[in-house]
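Report on the structure
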Amino acid sequence: MELRNKAINLIRKNLFCIIILAPAVLYLLGFLLIILFKVTALALTHVSPEGALFPTAFHFIQLSKNPEFRAALVRTVWFTMIGTPLELIIGMVAAFLVAEAFKGRGIVRSLFILPLAIPTIVTAIILYIMFDFPGGHINDILMGRHAFFPFRVISYPVDWRGSGFFALMVSIFGKVWRDMPISMLIILSGLQAISKDQYEAAKTMGANAWQTFFAITLPLLTPAMSTVLVLRSIEVWKEFIFPFILAGSYPLLATLIERAYHEWRNPNEACAIALILLALIIVSTILIFHSLKWLRMRLVRI
Amino acid sequence: MATVRLHRIGKKYGGLEVIKDLDLVVEHGEFVTLVGPSGCGKTTTLRMIAGLEEITSGELYIDNYPANQIPPKDRGISMVFQSYALFPHMSVSENIAFGLKIKKYPRSDILEKIDWALSLLNLEGLATRLPKDLSGGQRQRVALARALVVEPQVLLLDEPLSNLDAKLRLKMRAELKRLHKKLGSTVIYVTHDQVEAMSLSDRVAIMHEGRLAQVGAPLAVYNSPHNIFVAGFVGSPSMNFFNGRLVRKDESLVIDLETFQLVLPERYRSKCTGCLGRKVILGIRPEHIYDKRLSKTESYLGNTTDVVIDVVEPLGDRDIVEVKKEKICFTALLEPETNAAPDQPMTVVFDMTKCHIFDMESENNIIHSP
């Protein structure tokens, strides 16, 4: 009885906290834990005419033998290794551009945010049309069909989407272009947190622009950079829309999940791919986090 | 160590002239303080010496070399910023090493110099700490160590004590003075606190609205301020000012303050006769006004007046007492033995040998003209 009263008292005291936290807890349960649990269960189950087998690594073994999966895995790794640094670099360049005060900075800043306002699917379709074959604007321009660019770079139109390299490069371009504002804003806030005094102190101590950048700006920017890299790399790992629209013949892991489910009609294998993708994301996040910590230590060592 | 010479230095931001024709020579090994109210241009002047701010007109000489166009790093200066500007991602020793590392000192030298700087400023044991794990006073010492370790010819300090609490500020003030005595470097110090300026410097340069109001040894500016601004700025509590007229009465010169009159000592007579009949401002410091009952010197006795005590601020060793005489209010620094209490009547004595008389128009000191 006393225990019950205690429990009721505890709930009463913390009622406000419970009400505030409840939606978040329900959300985590519904959209994360239950789904993750279900996906894991499916990935470890093999249904055959003899009956269901659980737990089994059957699908993982099957996948490891599947050349399509292997190709997608290699592509995804490349896609991420090129896409993530590009997201960071483009974001940094844009942030440095608008960090300095100049006339019309507000307009430039707004322009830089614009990609976020365009639905991803629209961006992907625009790129689809631009890089179409045999027509397409890019082919037209490179073949010198427009007055403003009278150079004939190529003699025959390029089948951009027919080449794995070009198809994925265009996808990366779309992805980086679309995500640039987020990276830029994170880096910009990091840049603005560095006080002017520190630059001046470095100047009086004889540091030139390069030394200041590497000894002060870069190390103080590593928290922002690590945020960008972690957030963006997760996004790039699981990128779907751009490769789905622009590189249909060259699936990445994320698009392969869709194919496994719809074309192969194998939901268990789709779940297994999803788990592998999740594992890759977790490992890469940890790696990025630690390598940036190391970089920071490295830059300031005596 | 070097001399710093400012010759007709001027600074304009667009059309706004913030520094006008500044002339100042800081001698080798001297501790000079630029002091003035905020917005007087003292920090801008320091930043021009450091090379962080462009000089609009005039010439700057460091060690007798024209330095206007020399970049900050080659001027042989070190600067301590008001915010300390420590690099938050570097430990104490990394902060101290930064300038040496940039100047490409060999590693063994750097380590040796770090040790020297750490022990000079009593920072031993803090070498691996990050700035965020230090107290205000420790940060301040790290900033000093970082500035001193490169052996600057001129050390520039921009309000280095303003972020410390009152007690620590006193301690650091003494420490700075000891440090200057030990190293003998040329120091240019900026502060808005006149007490700090007076207590630290060999000479103080008092700035007002972008101009030098007066330069001199602390006691010289205290005893003979050249104008009303300096008189009011130096000394705490501030000097009392009274509007009056200089008139002759019998054999002597008298300042007529309408409600009462004060007789000038004989030795000021020759300097003041030119201003007879003109409107003047009488300045007298609170510490030169006494309680008549406790005053030992007979000679003051001619200059007394009856007042009513308005407010008493006891400091322990002295009381700051604000008194009223009809419409006139002024401050006196009285001994606690006075037992001053609000609304009490008392008689005060003015030590007119310590008074200052300023011309109403030019605001210059008639007695102590430059």
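Residues numbered from 1 in each chain as written. Chains lettered and ligands numbered in written order. Predicted model: local features only at pLDDT ≥ 70, side-chain atom pairs only at ≥ 80, totals over all residues.

Scanning chain A from terminus to terminus reveals 13 helices and two strands. Taken over the C-alpha trace, chain A has a radius of gyration of 25 Å; the compact-globule value for 302 residues is 19 Å, which it surpasses by more than 25%. Sorting the 302 residues of chain A into buried and exposed places 30% on the buried side. Expressed as a percentage of contacts within chain A between residues at least 6 apart in sequence, the contacts between residues at least 24 apart total 72%. (Helix = DSSP H or I, 4+ residues; strand = E, 2+ residues; numbered from the N terminus. Rg over C-alpha atoms; globule rule 2.2 N^0.38 Å. Buried ≥ 20, exposed ≤ 12 C-beta atoms within 10 Å, placed from the backbone. Contact = placed C-beta atoms within 7 Å.)

Let us look at the pairing of strand 9 (residues 203-208) of chain B. Residues and elements named next belong to chain B. When strand 3 (residues 31-35) meets strand 9, the two strands line up parallel, connected through four bridges. Each residue of the ladder has a partner; that of Val-35, found in strand 9, is Ile-206. Alignment of strand 9 against strand 10 (residues 211-216), held across five bridges, turns out to be antiparallel. Looking at strand 10, one finds that Val-204 is bridged to Gly-216. (Pairing = 2+ DSSP bridges.)

With that out of the way, let us pick up the domain arrangement of chain B. All names here are of chain B. As assigned here, chain B comprises domain 1 (4-233) and domain 2 (240-359). Relative placement of domain 1 and domain 2: their C-alpha centres are 39 Å apart. Across the boundary between the two partners, domain 1 contributes four residues, which contact four residues of domain 2. Along the lines of polarity and charge, the residues of the side of domain 1 that touches domain 2 split into three nonpolar, one polar and no charged. (Domains from an automatic or database assignment. Nonpolar A, V, L, I, M, F, W, Y, C, P; charged D, E, K, R; others polar.)

Now for helix 4 (residues 136-148) of chain B. Residues and elements named next belong to chain B. Under the 1.5 Å per step criterion, the end-to-end length of helix 4 is 18 Å for 13 residues, consistent within 8% with the ideal 18 Å. Among the 13 residues in helix 4, ten count as buried, and that is most of the element. Considered for burial, the residues of helix 4 that qualify are Arg-139, Gln-140, Arg-141, Val-142, Ala-143, Leu-144, Ala-145, Arg-146, Ala-147 and Leu-148. Residues of helix 4 that are buried in the fold lie against strand 6 (77-80), helix 2 (92-102), helix 3 (107-120), strand 7 (154-158) and helix 5 (166-183). (Expected span 1.5 Å × (residues − 1).)

The next thing to look at is unusual backbone geometry. Note: most peptide bonds trans; most residues except glycine with negative phi. For the bond from A:Phe54 to A:Pro55, the omega torsion is -10°, close enough to zero to count as cis. Mapped onto the elements, A:Pro55 comes out in the loop between strand 2 (51-53) and helix 3 (58-65). The residue after A:Phe133, namely A:Pro134, is reached through a cis peptide bond having omega 0°. Mapped onto the elements, A:Pro134 comes out in the loop between helix 6 (120-130) and helix 7 (137-142). If you check the backbone angles, B:Asp343 has positive phi at about 70° while not being a glycine. Residue position: B:Asp343 is located in the loop between strand 18 (328-334) and strand 19 (345-350).

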